[in-house]
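# Summary of the model geometry
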Amino acid sequence: MNNDWPLWEVFVRAKHGLSHKHAGSVHAADARMALESARDTYTRRMEGVSLWVVPSAQIVASDPGEAAALFEPAADKVYRHPTFYVIPEHVKNI
Amino acid sequence: MYTTELEDKNKKPAPREVLVAEDPAKLVAFEARVAADEFIEPKDWMPAAYRKTLVRQMSQHAHSEIVGMLPEGNWITRAPSLRRKAVLLAKVQDEGGHGLYLYAAAETLGTSREEMIEALHSGRAKYSTIFNYPTLTWADIGAIGWLVDGAAILNQVPLQRTSYGPYARAMVKICKEESFHQRQGFEIMTVLAGGSPEQRRMAQDALDRWWWPSLMMFGPPDDNSPNTAQSIRWRIKRETNDELRQKFVDVTVPQADAIGLKVPDPKLAWNEARGSYDFGPVDWEEFYAVVRGEGLVAKDRMKARVAAWEDGAWVREAATAHAAKHVVKAAAE
Ligand SMILES: [Fe+2]
Ligand SMILES: [Fe+2]
C-alpha cells in the first residue's frame, strides 16, 4: 500500500558561495508544498539561504554493484596527483 | 529507549524470521564492512534481519518523537511566560522534525510513511514508554526536558555512528538540536527549585515521578534483552541498555544535587571503587505493563494522535486536489 504524497529530495545552500548539499527528504503534494515543508523541516536554525527540491523519482543513481567498475580505475592513477612528481629540492614555487 | 525492543518479554520470536537463509559470501562481506565501521547505504546489500531490525527501531524512534510532542504540546498555552511559550513551541516543533527525519530515513529501507503511521495508529507499533505518563504540573515540563531529553541524548549520541548511513545522518541532525531541549528543561527546574516553598515542592514532586520512568527509557537489563548482542555486532546499537542507564545516573545525580533536589532512590550511593553511583532496582513489572499498553495515559495519547490525523484529513485532501488540478492545467498549456 502506498498512498503517500510523492517524495522530494531536499538540498540546502548553507551560505552564498557554497553549493547546495543534500539534507534529507519530504513528502509533498506539489513543488510549492515541498519547498515549504523543506523550509520547516531543514532550516529552523538558519541552516540555509536557498533550497532546491527535486522529485526523488527523477534522481538517477549509480548501482553499488557497479561501484568497482566505475570508481576503482582511479585508484592506480596516482600520476593525477601533484605529489607523484619528483622536483629537485632547490627548485621553489612549483 | 528508542533502540530497545519494546516487545513483551514473553513473546517468542517467530521461528521463520530467525532462519532466513542469506548468501554466506554476501553475509561475510557485509559483516566485515560493518566491523570496519563502514556505513551501509540504502542500495547496498544487507541481511533481511538487519533491514527488519532497523525498520522496527527507526520507526519506533520516529513514533516516539511524534507521540512525545503530545505531553509537552498540552502545556504550550499554559506555559508561565511568553519566553517559556516560545521556547516550548520551538522544542515541540523540533520533535516533529525529528520524527520526520527518522520516518524518511526508515523509508529508504522500503517501508512507506503510510504503513508506519497506520501501525502507530492501530496500536501495532510501539513507542517509548515514557510518553504514557501524564504531565500534571508545569514542573513536569522542566523534568521532561532535563531527564527525558537528557536520556535521549545519551541514547542518541552513540547512534551518530550507527552502521546505517541515513539513520546515522538523521542522528547527527537530531543531536545538534537536543542540547537546547535539555537545557531549557533544566533551567525550568533550576528556577522552580530556587523559588517559593510551593515551587520547590512542585519541582521535587516532578523529579520523584519522572526519575524511575526515565531510567526505564533505556530498556530492560542486558541479561533480559536477547537481541542486544546481534544489534551491537551489526553496529545498530553501540552501547548496551545497562551501560547507558549507568551513564545517565552518573551525569544526572550531580545535576540534581546542584539545584538542591533529591533523587528518589534510598539505595543511591557513590561507589568509589567503580567510580559510579550504585542505584536501587528498577520496577520492571511496571515497565512491561506500560509496554503492554497499560500506561496511565496510553489511550489518551493515541486518541489525541488519531484525532489530529483525522482532523487534518480535509487539508491533505485539498492539497492533493490542488496539486492534481495544476498538473491538468499544466498539461493543457
Ligand atoms: Fe527529539
Ligand atoms: Fe528533544
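To keep things clear, this report deals only with the structure shown in the data block. (Residues numbered from 1 in each chain as written. Chains lettered and ligands numbered in written order. Predicted model: local features only at pLDDT ≥ 70, side-chain atom pairs only at ≥ 80, totals over all residues. Heavy atoms only, no water.)

## Quick notes on the overall build of chain A
Applicable threshold: Secondary structure is summarised from DSSP: a helix means a run of H or I of at least four residues, a strand means a run of E of at least two, and numbering begins at the N terminus for each. C-alpha atoms define the radius of gyration, and 2.2 Å times the number of residues to the power 0.38 defines the globule rule. Exposure is judged per residue with a 1.4 Å probe applied to protein chains only, and the accessible area is read against the type maximum: over 50% gives exposed, under 20% gives buried, and values in between give partly exposed. We call two residues contacting when some pair of their heavy atoms lies within 4.5 Å. Methods summary: accessible areas were calculated by the Shrake-Rupley approach with a probe of 1.4 Å, and residue burial reflects only the protein chains presented. We count Lys and Arg on the positive side and Asp and Glu on the negative side, and we leave His and both chain ends out. To locate a charge, take NZ of a lysine, CZ of an arginine, CG of an aspartate or CD of a glutamate.
The number of helices and strands found in chain A is two helices and three strands. What you see for chain A is a C-alpha radius of gyration of 21 Å, clearly larger than the 12 Å of a compact globule of 94 residues, by over 25%. Taken over the C-alpha atoms alone, chain A extends approximately 65 × 35 × 15 Å along its principal axes. Out of the 94 residues in chain A, the part that is buried amounts to 21%. Across chain A, every contact between residues at least 6 apart in sequence was considered, and the portion connecting residues at least 24 apart equals 43%. For chain A, the exposed surface amounts to about 7,100 Å²; the carbon and sulfur share of it is 58%. If the 10 positive side-chain charges of chain A are averaged to one point and the 11 negative ones to another, these points end up 11 Å apart.

## Notes on the pattern of salt bridges
Rule in force here: A pairing counts as a salt bridge when a side-chain nitrogen of Lys or Arg comes within 4 Å of a carboxyl oxygen of Asp or Glu.
Scanning the model with the defined rule gives 26 salt bridges over all chains in all. For the salt bridge of Asp40 of chain A with Arg39 of chain A, the shortest nitrogen-to-oxygen distance reads 2.5 Å. Note on Asp40 of chain A: relative accessible area 33%, which makes it partly exposed. We classify Arg39 of chain A as exposed; its relative accessible area is 52%. A salt bridge links Asp205 of chain B to Arg209 of chain B; the nearest nitrogen and oxygen atoms lie 3.0 Å apart. Highlighted residues: Asp205 of chain B and Arg209 of chain B, both in helix H9 (residues 197-216), separated by four residues, approximately one helical turn. Each member of the salt-bridge network shares a partner with another, and the members are Arg44 and Arg45 of chain A together with Asp94 and Glu177 of chain B.

## Examining the coordination of the iron ion (ligand 2)
Residues and elements named next belong to chain B. In plain terms, the rule: Each metal site is built from N, O and S donor atoms within 2.8 Å (3.2 Å for Na, K and Ca), and since water is not included, such sites may look incomplete. The rule is simple: four donors are tetrahedral if all their angles sit between 85 and 135 degrees, four are square planar and six octahedral if opposite donors span more than 155 degrees and the others lie between 65 and 115, and anything that fits none of that is irregular.
Here the iron ion (ligand 2) is held by the protein donor atoms Glu95 (OE), Asp149 (OD), Glu178 (OE) and His181 (ND1), which lie 2.0 to 2.2 Å from it. The site at the iron ion (ligand 2) holds four donor atoms, and with the angles between them running 84 to 168°, its shape is irregular. Here the donor residues of the iron ion (ligand 2) share one chain and are spaced in sequence as E-x53-D-x28-E-x2-H. Taken as an interatomic distance, the gap from the iron ion (ligand 2) to the iron ion (ligand 1) is 3.3 Å; Glu95 donates to each of them. Remark: His181 occurs in helix H8 (residues 165-193) and Asp149 occurs in helix H7 (residues 138-156); sequence separation between them is 32 residues. His181 carries the same exposure label as Asp149, and that label is buried.

## Some points on the coordination of the iron ion (ligand 1)
Residues and elements named next belong to chain B. Here the iron ion (ligand 1) is held by Glu65 (OE), Glu95 (OE), His98 (ND1) and Glu178 (OE), and the distances to it run 2.1 to 2.5 Å. Coordination at the iron ion (ligand 1) is irregular, judged from the four donor atoms that bind it and the angles of 83 to 147° they form at the metal. Sequence spacing among the residues donating to the iron ion (ligand 1) works out to E-x29-E-x2-H-x79-E.

## Some details on the sheet that holds strand E2 (residues 21-27) of chain A
Residues and elements named next belong to chain A. To be explicit about the condition: For two strands to pair, DSSP has to find at least two bridges joining them. To get an axis, a line is fitted to the C-alpha atoms, and for a helix only the part in contact is used. The angle between two axes follows their N-to-C directions and goes from 0 to 180 degrees.
Strand order in the open sheet formed by three strands is E2-E1-E3, and the pairing between neighbours is antiparallel. Looking along the sheet, the strands with just one partner apiece sit at the ends: E2 and strand E3 (50-55). When the angles between neighbouring strand axes are averaged without regard to direction, this sheet yields 30°. For strand E1 (residues 7-13) and E2, the ladder comprises six bridges, and the chain directions are antiparallel. The partner of Val12 across the bridge, within E2, is Lys21.

## Topic: the interface of chain A and chain B
The line we're drawing: Summed over both partners, the accessible area lost on bringing two parts together, with a 1.4 Å probe, is the buried area.
Counting from both sides, the interface comprises 21 residues of chain A and, opposite them, 22 residues of chain B. Interface area for chain A against chain B, summed over the two sides, is near 1,700 Å², with a carbon-plus-sulfur share of 51%. Seen at the junction of chain A and chain B, the total is four salt bridges. In this structure, Glu177 of chain B engages Arg45 of chain A in a salt bridge whose closest nitrogen and oxygen atoms are separated by 3.2 Å.

## What about helix H2 (residues 24-35) of chain B?
All names here are of chain B. Our working definition: To estimate how far a helix should extend, the number of its residues minus one is multiplied by 1.5 Å. The definition of a polar contact used here is a pair of N or O atoms within 3.5 Å, where within protein one atom must be able to donate a hydrogen and the other to accept one, and adjacent residues in sequence count solely through side-chain atom pairs.
Here H2 contains twelve residues, and its C-alpha end-to-end distance of 16 Å stays within 8% of the 16 Å for a straight helix at 1.5 Å per residue. Between a side-chain oxygen at the N-terminus of H2 and the backbone nitrogen of Ala25 the separation is 3.0 Å; the capping residue is Asp23. A positive phi of about 60° marks Asp37, the residue just after H2.

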